[in-house]
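Listed below, chain by chain, are the residues.
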Amino acid sequence: MLNFKLLTCQEVATVASDYLDKHIDGKLGLNIRLHLMMCANCRRFVKHLQLTTKVVPHLVYKNQGTVDAEAVLKRIKEKR
Ligand SMILES: [Zn+2]
């Protein structure tokens, strides 16, 4: 259990783009996956992020760790 730390949703959101880019080392990556197993909100968020980063690379997410999820969702809707 020592290796596991419960991340908050905000922490997950902050590192999610790096996680998807595989810039996260093993232990933190594990903790993120653990959080995602338990948290449907973050699962959905990461899934959206994954889709969006494929469509719109590197736009919103490198801004000092803040993630503008609403702008992203708006962008996704506009694409349709
Ligand atoms: Zn969460």
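Residues numbered from 1 in each chain as written. Predicted model: local features only at pLDDT ≥ 70, side-chain atom pairs only at ≥ 80, totals over all residues. Heavy atoms only, no water.

Overview of the confidence of the model for the protein chain
Parts of the prediction with low pLDDT should not have their coordinates interpreted in detail. The predicted model of the protein chain averages 81 in pLDDT, with 78% of residues at 70 or higher. Per-element confidence in the protein chain ranges from a low mean pLDDT of 78 for helix H4 (residues 69-79) to a high of 93 for helix H1 (residues 9-20). (pLDDT = per-residue confidence, 0-100. Helix = DSSP H or I, 4+ residues; strand = E, 2+ residues; numbered from the N terminus.)

Brief notes about the coordination of the zinc ion
Six octahedral donors around a metal ideally subtend angles of 90 or 180 degrees, whereas four tetrahedral donors ideally subtend 109.5 degrees. At this site the zinc ion is bound by Cys9 (SG), His35 (NE2), Cys39 (SG) and Cys42 (SG), with donor distances of 2.0 to 2.3 Å. What the four donor atoms of the zinc ion show is an angle range of 103 to 113° at the metal, which sorts the shape as tetrahedral. Counting gaps between the donor residues of the zinc ion yields the pattern C-x25-H-x3-C-x2-C. Residue Cys9 is located in helix H1, and its partner Cys39 is located in the loop between helix H2 (26-38) and helix H3 (40-55); the two are separated by 30 residues in the primary sequence. Assessed through its relative accessible area of 12%, Cys39 is described here as buried. (Donors = N, O, S within 2.8 Å, 3.2 Å for Na, K, Ca; no water. Tetrahedral: all angles 85-135°; square planar, octahedral: opposite > 155°, others 65-115°. Buried < 20%, exposed > 50% of the residue type's maximum accessible area, 1.4 Å probe, protein only.)

Side note on the nonpolar core
For soluble globular proteins, the rule of thumb is that nonpolar side chains tend to be buried together. One finds Leu36, Phe45 and Val46 to be the most contacted residues of the largest nonpolar core, which totals 13 residues. When contributions to this core are tallied by element, the ones reaching two or more residues are H1, H2 and H3. (Core = buried A, V, L, I, M, F, W, Y, C linked by side-chain atoms within 4.5 Å.)

Focus on unusual backbone geometry
A positive phi is found at Lys22, a non-glycine position, where the angle reads about 65°. Mapped onto the fold, Lys22 is located in the loop between H1 and H2.

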